[in-house]
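# Topology and contacts: notes
One-letter residues, chain by chain:
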Amino acid sequence: MDQVQEKIEIPQVTYQGDDKKLKERVSKFKAGTLRIVIFTIVGLFMGYYSNTYVTDPFFPTKLVTAIPYKITEAIYSSILRADTLVTREYWGYTLEWQYFPYSAIANLLAEPFTTMLIGGAIYGSFAYFTGDKRVFTLQRFLKFAGGWCALILLVTGLAFGMNAKAKADNEKFGEVDHFFFYSESGGTAVAGGGSELSDSVRQYFYNGLAPVDLVRDYKGELPLGIYYDDGLRYGLYQINYEMQYVVTEEGRIYHISKEFAQLVEDYALKGLRPGMEVQEVAE
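Since the model is a prediction, treat every value here as computed from it, not as a measurement. For every chain, the first residue of the written sequence is number 1, and numbering continues from 1 along that sequence. Reporting of local features is limited, given that this is a predicted model, to residues whose pLDDT is at least 70; pairs of side-chain atoms are given and counted only at 80 or more, and all residues count toward the totals for whole chains, interfaces and linings. Side-chain figures throughout are based on the complete set of non-hydrogen atoms in the structure, without hydrogens or water.

### Quick look at the overall build of the protein chain
Secondary structure summary: the protein chain contains nine helices and seven strands in total. When accessible area is computed with a 1.4 Å probe and restricted to protein chains, residues below 20% of their type maximum are described as buried, those above 50% as exposed, and intermediate ones as partly exposed. By the burial criterion, 40% of the 283 residues in the protein chain qualify as buried. Relative to all contacts within the protein chain whose residues are 6 or more apart in sequence, the contacts with residues 24 or more apart total 64%. What sets the accessible areas is the Shrake-Rupley method with a 1.4 Å probe; for residues, cover comes only from the shown protein chains. Put simply, the protein chain shows about 17,000 Å² of open surface, and 59% of that area lies on carbon and sulfur atoms. Runs of E in the DSSP output that reach at least two residues are strands. Runs of H or I that reach at least four are helices, and both are numbered from the N terminus. Contacts are assigned to residue pairs that have any heavy atoms within 4.5 Å of one another.

### Some remarks on the side chain of Thr72
Note on placement: Thr72 falls in helix H3 (residues 59–77). Once residues lying within four places of it in the same chain are set aside, the contact partners of Thr72 are Tyr99, Ala110, Thr114, Thr115 and Ile118.

### What to know about the pairing of strand E5 (residues 233–240)
Burial runs high along E5: eight of the eight residues are buried. Residues Arg233, Gly235, Tyr237 and Ile239 point to one face of E5 and Tyr234, Leu236, Gln238 and Asn240 to the other, with burial holding for every one of them. Bridge count between strand E4 (residues 222–228) and E5: seven bridges; the pairing is antiparallel. For Pro223, the partnering residue across the bridge sits in E5 and is Gln238. When DSSP locates at least two bridges between a pair of strands, those strands are taken to pair.

### Describing the pattern of salt bridges
Any two side chains of opposite charge can pair, so long as their charged atoms come close to each other. Put simply, a salt bridge is a Lys or Arg side-chain nitrogen that is within 4 Å of an Asp or Glu carboxyl oxygen. The final tally for this structure, using the stated rule, is six salt bridges. A salt bridge links Asp169 to Lys165, with the shortest nitrogen-to-oxygen separation between them at 2.8 Å. On the criterion of helical spacing, the pair formed by Asp169 and Lys165 is a turn pair, its members being four residues apart in helix H6 (residues 138–170). Residue Asp169 is classed as buried on the basis of its relative accessible area of 17%. Asp229 serves as the salt-bridge partner of Arg233, at 3.2 Å between the closest nitrogen and oxygen. The exposure class assigned to Arg233 is buried, which follows from its relative accessible area of 8%.

### Thoughts on the confidence of the model for the protein chain
Confidence along the protein chain averages 81 in pLDDT terms, with 78% of residues attaining 70 or more. Note on scores: pLDDT gives the predictor's confidence for each residue, bounded by 0 and 100. No element of the protein chain has a lower mean pLDDT than helix H9 (residues 278–282), which averages 35, and none a higher one than strand E7 (residues 253–255), which averages 96. Counted against residues more than four places away or in other chains, residues 277–283, with its pLDDT under 50, gives seven contacts.

### Quick look at the packing of aromatic side chains
Each Phe, Tyr or Trp ring (for Trp, its six-membered ring) is paired with any other whose centre lies within 6.5 Å, and the angle between the two planes then decides the class: stacked below 30 degrees, edge-to-face above 60, tilted in between. The full count for this structure, using the stated rule, is 22 aromatic pairs. An angle of 90° between the planes, with centres 5.3 Å apart, marks the rings of Phe100 and Phe160 as edge-to-face. Of this pair, Phe100 sits in the loop between helix H4 (85–89) and helix H5 (104–129) while Phe160 sits in helix H6, and the two are 60 residues apart along the sequence. Judged by its relative accessible area of 22%, Phe160 is partly exposed. A centroid spacing of 5.1 Å and a plane angle of 65° characterise the contact between Phe205 and Phe260, whose relative ring orientation is edge-to-face. Linking Phe205 in helix H7 (residues 196–206) with Phe260 in helix H8 (residues 258–270), this pair joins segments that are 55 residues apart in sequence. What makes Phe205 buried here is its relative accessible area of 0%. By way of ring pairs, the aromatic residues Phe173, Phe179, Phe181, Phe205, Tyr206, Tyr237, Tyr254 and Phe260 are connected into one cluster.

### A closer look at H6
Between its first and last C-alpha atoms H6 spans 48 Å; for 33 residues at 1.5 Å apiece the expected length is 48 Å, and the two agree. Where H6 is concerned, the buried positions are Phe141, Phe144, Ala145, Trp148, Ile152, Val155, Thr156, Ala159, Asn163, Ala166, Asp169 and Asn170. Each helix should span, by expectation, one fewer than its residue count multiplied by 1.5 Å.

### Structural notes on the side chain of Glu111
Here Glu111 is to be found in helix H5. At 11 Å, Lys70 is the nearest oppositely charged side chain to Glu111, a buried residue that forms no salt bridge. By the counting rule applied here, Lys and Arg register as positive and Asp and Glu as negative, while His and the ends of each chain are not counted.

### Quick notes on the environment of Asn240
Within the secondary structure layout, Asn240 lies in strand E5. Each C-alpha atom of the pair Asn240 and Arg216 lies 8.6 Å from the other, and the pair is 24 residues apart in sequence. Each residue touching Asn240, except ones within four places of it in the same chain, is listed here: Asp217, Gly220, Glu221 and Tyr245. A distance of 3.0 Å separates a polar atom in the side chain of Asn240 from the backbone nitrogen of Glu242. N or O atoms closer than or at 3.5 Å make up a polar contact, with two conditions inside protein: a donor-capable atom paired with an acceptor-capable one, and, for residues adjacent in sequence, both atoms drawn from side chains.

Structure below.
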């Protein structure tokens with residue numbers, strides 16, 4: 001065994017590199033990485049507050065601030081249908097959800113989460129471009145950008161998925177949180193909360209709620225807004241209090257009880273909220 005070890009010759013290799021250059025690259029890599037992290041964090045905050053560009057009177061800062069918001073707007077506006085019942089006829093009555101009127105969670109994923117990610121990606125990329133090209137190579141940048149793109153696509157997909165689920169759940173009615181009654185003048189009345197009156201209104205709605213086959217009278221229909229899941233999901237329906245039916249956005253028709261139809265009629269014609277008396281309105 002000793003003879004074998006004696007026959008093995010280990011080559012002696014002398015390091016030819018420059019320690020000064022190696023230390024310089026390591027130093028630049030650490031400084032550049034820190035700069036990328038800082039720029040990315042700044043970008044996340046810029047994305048979060050990018051909607052404030054509309055109130056900024058100074059054009060240069062307005063332009064810089066608006067970039068993440070406008071990119072987000074382009075992504076969602078190019079895909080979303082703008083002619084839903086909510087956006088076409090009754091947008092602005094009760095909703096402040098810009099992209100996804102049916103789901104507050106989906107809209108939260110769109111704004112501010114998507115704008116934050118876009119802001120982080122843009123500012124982080126800017127830090128990459130201003131770094132040392134010997135350390136922060138194109139291959140590394142492509143990996144960096146690819147990670148951001150994958151994350152943005154994931155959040156975008158989740159937003160559309162949550163909105164699609166909300167629309168599907170609206171067709172089933174589920175657990176109503178509160179109602180919005182619309183009058184012909186556009187006013188609204190809320191019947192919600194955990195009071196005994198609100199429970200009665202919800203009970204009136206569910207009593208007799210069943211699919212029905214009939215010919216709709218479009219002229220006699222009014223919108224009925226319904227919030228579910230503690231106000232996180234919204235549905236807009238058409239209701240005819242004279243013929244006692246409600247229609248989902250997909251066109252499914254359901255019979256409603258006489259009591260609930262009366263509540264809608266009282267508000268539409270007399271301005272009476274559920275539980276109010278005529279003399280209260282006169283005052």
